[in-house]
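Topology and contacts: notes
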Amino acid sequence: MDEIPFGLLELADPSRTRIKSYLKKDTCHIARLHSKIVGVVVLKKIDSSTVEIKNIAIKESEQGKGYGKSLLKYADQITRKLGCEKIIVGTGNSSIEQLALYQKEGFELKNIIKDFFLENYPDPIFENKIQCKNMIILEKDLTV
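Analysis parameters
- Residues numbered from 1 in each chain as written.
- Predicted model: local features only at pLDDT ≥ 70, side-chain atom pairs only at ≥ 80, totals over all residues.
- Heavy atoms only, no water.
- Buried < 20%, exposed > 50% of the residue type's maximum accessible area, 1.4 Å probe, protein only.
- Helix = DSSP H or I, 4+ residues; strand = E, 2+ residues; numbered from the N terminus.
- Arc of directions from axis to C-beta.
- Contact = heavy atoms within 4.5 Å.
- Phe/Tyr/Trp six-rings, centres within 6.5 Å; stacked < 30°, edge-to-face > 60°.
- Lys NZ or Arg CZ within 6 Å of the ring centre and 35° of its normal.
- Core = buried A, V, L, I, M, F, W, Y, C linked by side-chain atoms within 4.5 Å.

Things to note about helix α2 (residues 16–23)
Turning to α2, its buried residues number three or more, namely I19, Y22 and L23. Across the axial projection of α2, the buried residues extend over an arc of 100 degrees, all falling on one side. Those residues of α2 hidden inside the fold are in contact with α1 (6–12), β1 (27–33), β2 (36–47) and β3 (50–58).

Overview of the packing of aromatic side chains
In total, this model carries four aromatic pairs according to the counting rule given. Ring pairs connect the aromatic residues F116, F117 and Y121, which therefore count as one cluster. Positioned above the aromatic ring of F6, the side-chain terminus of K20 is 6.0 Å from the ring centre.

Things to note about the nonpolar core
With 19 residues, the main nonpolar core has L43, I53, I56, Y102, F107 and L138 as its most contacted residues. Elements supplying a minimum of two residues to this core: β2, β3, α3 (67–81), β4 (86–92), α4 (96–104) and β8 (135–141). Excluding anything up to four places from it in sequence, L43 contacts D26, T27, H29, V51, E52, I53, A75 and I78. Judged by nonpolar contacts, the second largest core, of nine residues, contains L9, Y22, V42 and A57.

Following this line, the structure appears as structure tokens:
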């Protein structure tokens, strides 16, 4: 846990308690550029066919440089090596840039969990001047 970049993970999930909970059983992959951390992705194998991206974040000063796209491609590779056929990721209804990136990278809208962020986080979350209330679930089929 000492090496985990919590500040970076908290860009995608403001709850350190939740982060610590999923890091106990999931795998954290750190992206480095010239030995400096630029990004992180946490992966969880859900079942024999599915991997979930629990958290993905890029250092704010490095955003917009393609590192998020690279981490998604890396997650694809890991998922395939595990013999899985699909990746799922959840993000907030207010995460406009993330929703666009996921769809550009082949993820499709799968489900909405109404009021997820209202029920699971004590403080309101705002992004892009929009309150984050619902979790949008996206899925990418790796067999096509």
